[in-house]
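Chain by chain, the residues run as shown.
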Amino acid sequence: MLFKQQAWLRQKLLVLGSLAVGSLLYLVARVGSLDRLQPICPVEGRFSGARGQAEFPLRALQFKRGLLHEFRKGNASKEQVRLHDLVQQLPKAIIIGVRKGGTRALLEMLNLHPAVVKASQEIHFFDNDENYAKGIEWYRKKMPFSYPQQITIEKSPAYFITEEVPERIYKMNSSIKLLIIVREPTTRAISDYTQVLEGKERKNKTYYKFEKLAIDSNTCEVNTKYKAVRTSIYTKHLERWLKYFPIEQFHVVDGDRLITEPLPELQLVEKFLNLPPRISQYNLYFNATRGFYCLRFNIIFNKCLAGSKGRIHPEVDPSVITKLRKFFHPFNQKFYQITGRTLNWP
Ligand code: A3P
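Once a new chain begins, its residue numbering starts again from 1 and follows that chain's sequence as written. Predicted model: local features are reported for residues with pLDDT of at least 70 only, side-chain atom pairs are reported and counted for 80 or more only, and whole-chain, interface and lining totals are derived from all residues. Note that water and hydrogens are dropped before the side-chain values are worked out from all heavy atoms of the structure.

- If you check an unreviewed UniProt entry, the chain appears there as Sulfotransferase from Tupaia chinensis.
- UniProt positions are given in the numbering used here, feature names are shortened, and annotations may be inferred rather than shown by experiment. Taken verbatim from the UniProt record of the chain, the Subcellular location (unreviewed entry) comment is "Golgi apparatus membrane".

Considering the nonpolar core
Soluble globular proteins tend to pack their nonpolar side chains together in the buried interior.
Thought 1: In this text, buried Ala, Val, Leu, Ile, Met, Phe, Trp, Tyr and Cys residues form a nonpolar core when linked through side-chain atoms within 4.5 Å. Buried means the residue's accessible area, taken with a 1.4 Å probe over protein chains only, is under 20% of the maximum for its type, while exposed means over 50%, and partly exposed covers the values in between. Membership of the largest hydrophobic core comes to 28 residues, with the highest contact counts inside it found for I96, Y159, I169 and W241.
Thought 2: Contributions of two or more residues to this core are made by β2 (93–97), α8 (165–172), β6 (177–182), α12 (234–241), β7 (250–254) and α15 (318–339).
Thought 3: Only heavy atoms enter the contact rule, under which two residues are in contact if any of them lie within 4.5 Å. In this structure I96 touches S156, P157, A158, Y159, F160, I169, L178, L179, I180, W241 and F250, once residues within four positions along its chain are discounted.
Thought 4: Counting 27 residues, the second-largest nonpolar core is a separate cluster that includes L179, L263, V269 and L275. The numbering of helices and of strands both runs from the N terminus, where a helix is a DSSP run of H or I of at least 4 residues and a strand a run of E of at least 2.

Some points on the state of the cysteines
Thought 1: Cysteine sulfur atoms are paired as a disulfide whenever they fall within 2.5 Å. Here the structure, examined in full by the defined rule, presents one disulfide.
Thought 2: Each disulfide pairs two cysteine sulfurs, and for C294 the partner residue is C304, the sulfurs being separated by 2.1 Å. Between C294 and C304 the disulfide shows an S-S torsion of about 100°. By sign, it is right-handed. Linking C294 in strand β9 (residues 292–296) with C304 in the loop between β10 (302–303) and α15, this pair joins segments that are ten residues apart in sequence.

Dropping the structure here:
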């Protein structure tokens, strides 16, 4: 009898416990869904520099993971889109590069901001002639759904080094904001090489050593024909962009600092985009297993970048590293001078 009563009591407690947890989860989800049904902030003040006036509720997670996410997956009807006043907007800011600079981390971290909606895929509209020929409407349709008060951001790192891109972007929007994330040029070149190497290995192909590609064996000088080297000469590429855009329209993000100390870098970007500061230390936590900062949207959702970000680099002959650093040095100085951002690279 006593045993039966105990079992009954245990069962009751279990049911009550489940109910309590269920209610808590429901409340968390409900707060989010209520939030996301309202537009976020007045358009005025977002790009007008009136920081702090525009109110951005802290609901990035539910909003973006919920309704917008469903729309992005194509699970929404036209009626729902119309009802919620959602639009596909051309980007107000583009992360134009640099490849392996931390472009994905920057995009994902900016997406923590409630006023920012990211285009998840690299669209390659301006650097790919075939895509460009499809026209600006094609590009717009590639953008995620957002509220009119939000801004869309896309990233395609190939933009930075592709000849035709500055003019094409200028034709779309001459006052667009341009983000460039850079890393110490030799590290970036090795990261670039590592990515290509991994691709070759996946296809069971052999590949040259980095040293062989980066140094011309005839002259023993740095091989400027090697793409990974050329991409790291940031000032050369930037100079092409400056024929179309004034330097004030660019913001340089320190990709090395974004790895070790992301928040201050993101705060500088918020300022550049005239967004009220909404990304906080709460949104970023260091994951010791990954060895990188990961993203926290709220108490339920968090994510780290994919394993393809943060690869282990092969060891490179120190004399080659020294040679490359010496080679990049004058270009770096020029880059600091043009951009007004000194990065203290060796
Ligand atoms: P490595 O793989 O060389 O470490 P991109 O997104 O432009 O391809 O840049 C990839 C680089 O982003 C990675 O280069 C990695 O170091 C850097 N990165 C910056 N923040 C990161 C983060 N939070 N998680 C993973 N990688 C990050």
